[in-house]
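In case you want the letters, here they are:
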Amino acid sequence: MVAIARASAPALRQTTAAASPTLREGSKGAAVVTLQNKLKAAGFNPGAADGSFGPKTEAAVKAFQRARGLAADGIVGPKTWSALNATASAGGSGPTLRLGAKGEPVRALQQRLNVLGFNSGTADGSFGPKTEAAVKAFQQSRGLAADGVVGPKTWDKLGIKVQGNVSTGNTGSGGRVVTGYVNGSPRKISLAAIPNGKEMRSDAAAAFNRMYAAAKSAGITLKVNSGFRSMAEQQALYRAYQNGTGNLAAKPGYSNHQGGIAVDINVGGTGTATYRWLANNAKNFGFVRTVPSEPWHWEFRP
Ligand SMILES: [Zn+2]
């Protein structure tokens with residue numbers, strides 16, 4: 001038994017070496033076809049798998065090496081082969097993520113991007129502009145549409161399987177455009193989502209979602225009772241106020257909720273942990289109190 005093992009081990013090593021010879025521009029043959037196929041499987045584009053190591057294959061090798069933290073010399077030696085073999089059967093999946101998303105899947109995305117050489121900043125679970133830029137660069141390098149949105153194709157190229165809940169925050173531009181009111185004048189504003197099914201003007205929503213995440217990590221969950229209000233909603237509230245069946249409400253057209261910058265947060269009075277957290281931290285996110293009698297009403301006035 002021992003004798004056989006000794007005899008066959010060197011033979012095996014020889015076979016492996018022959019299948020993974022050092023390749024560089026100008027190389028030709030079956031090993032180049034293997035290389036090209038592995039590059040494709042890892043999400044890089046070496047051109048046709050024709051067994052001829054040309055400039056396009058070299059560019060793909062360099063991109064692959066950069067992405068794996070190897071010296072990007074375009075020469076396929078043992079380290080590059082081993083990285084190719086480790087990632088050839090990538091494939092991945094996860095929830096769709098975009099700017100404003102938060103949660104564990106975002107953290108996993110950021111860690112993966114950083115490992116692959118695309119700097120997404122600190123893996124903090126918050127999909128901000130730096131993560132978006134890293135996603136776009138990654139997509140570009142893999143021949144995908146560089147839209148900054150992590151959908152099935154991007155997950156597949158990332159090569160990790162991720163599960164978990166995501167809160168979809170602000171989408172920046174591209175939110176729902178509605179007619180809002182500021183001081184009685186109509187104007188078009190773009191809305192984005194905040195928690196509890198509410199919306200705010202996109203920039204205010206982005207700031208609110210950052211504040212929400214910060215509060216969350218301090219153990220405080222901000223519950224939103226009201227965000228943007230349409231004209232019809234404000235009219236109904238105003239009627240209730242006039243009837244004596246509702247809280248004080250501004251004249252339709254004049255509530256800052258109709259401009260998308262006001263948010264009512266369920267603080268439960270000024271003695272609560274939630275209120276104290278807001279009093280100490282909201283200004284760092286651009287939110288201030290503007291109505292002395294309403295501790296729940298905060299406005300985005302950065
Ligand atoms: Zn309010």
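> Lay out the overall build of the chain with the relevant residues and their values.
Helix and strand content of the chain: 10 helices and seven strands. Looking at the chain as a whole, 40% of its 302 residues are labelled buried. Look at the contacts in the chain between residues 6 or more apart in sequence, and 52% of them connect residues 24 or more apart.

> I'd like a description of the pairing of strand 5 (residues 262–265), backed by residues and values.
Burial along strand 5 is two-sided: the face carrying A262 and D264 and the face carrying V263 and I265 are both buried. As judged from the two bridges shared by strand 4 (residues 224–226) and strand 5, these two strands associate in the antiparallel manner. Note on strand 5: the bridge partner recorded for V224 is I265. As defined by bridge partners, strand 5 adjoins strand 7 (residues 297–300) across three bridges and the pair is classed as antiparallel. Paired with A262 across the bridge in strand 7 is E299.

> Tell me about the packing of helix 2 (residues 30–41) against helix 3 (residues 55–67), residues and numbers included.
Two quantities define a packed helix pair, namely the angle between the axes and the distance from one axis to the other. The N-to-C vectors of helix 2 and helix 3 enclose an angle of 50°; their axes lie 11 Å apart at closest approach. With respect to their mutual orientation, helix 2 and helix 3 come out oblique. Seen from above, helix 2 lies across helix 3 with left-handed handedness. Packed against helix 2, whose contacting residues are L35, Q36 and L39, the element helix 3 presents T57, A60, V61 and F64 at the interface. The residue makeup of the contact of helix 2 with helix 3, split by class, is five nonpolar, two polar and no charged.

> Requested: an account of the sheet that holds strand 1 (residues 176–182), with residues and values cited.
In space, the three strands of this open sheet follow the order 1-2-3, with antiparallel pairing throughout. The strands lining the two open edges of the sheet, one partner per strand, are strand 1 and strand 3 (198–201). Within this sheet the neighbouring strands show an average axis-to-axis angle of 50°, counted without direction. Across seven bridges, the pairing between strand 1 and strand 2 (residues 185–194) is antiparallel. Residue pairing in the sheet places T179 in a bridge with K188 of strand 2.

> Give me the coordination of the zinc ion: which residues, what numbers.
Surrounding the zinc ion are the protein donor atoms H257 (NE2), D264 (OD) and H297 (ND1), which sit 2.0 to 2.1 Å from the metal. On the primary sequence, the residues serving as donors to the zinc ion are separated as H-x6-D-x32-H. In this pair, D264 sits in strand 5 while H297 sits in strand 7, placing the two residues 33 residues apart along the sequence. Taken as a pair, D264 and H297 share a single burial class, namely buried.

> Give me the lowdown on the packing of aromatic side chains, citing residues and values where you can.
By convention here, two paired aromatic rings are described through the distance between centres and the angle between planes. Evaluation of the coordinates by the stated rule reveals seven aromatic pairs. Centre to centre, the rings of F118 and F138 are 5.5 Å apart; their planes meet at 90°, and the pair counts as edge-to-face. Of this pair, F118 sits in the loop between helix 5 (104–115) and helix 6 (129–141) while F138 sits in helix 6, and the two are 20 residues apart along the sequence. Since its relative accessible area comes to 14%, F118 is described here as buried. Among the residues examined, F138 registers a relative accessible area of 0% and is labelled buried.

Rules used in this analysis
- Residues numbered from 1 in each chain as written.
- Predicted model: local features only at pLDDT ≥ 70, side-chain atom pairs only at ≥ 80, totals over all residues.
- Heavy atoms only, no water.
- Helix = DSSP H or I, 4+ residues; strand = E, 2+ residues; numbered from the N terminus.
- Buried < 20%, exposed > 50% of the residue type's maximum accessible area, 1.4 Å probe, protein only.
- Contact = heavy atoms within 4.5 Å.
- Pairing = 2+ DSSP bridges.
- Axes fitted to C-alpha atoms, helices over the stretch in contact; angles between N-to-C directions.
- Parallel < 35°, antiparallel > 145°, perpendicular 65-115°, else oblique.
- Left-handed = near helix turned anticlockwise from the far one by under 90°.
- Nonpolar A, V, L, I, M, F, W, Y, C, P; charged D, E, K, R; others polar.
- Donors = N, O, S within 2.8 Å, 3.2 Å for Na, K, Ca; no water.
- Phe/Tyr/Trp six-rings, centres within 6.5 Å; stacked < 30°, edge-to-face > 60°.

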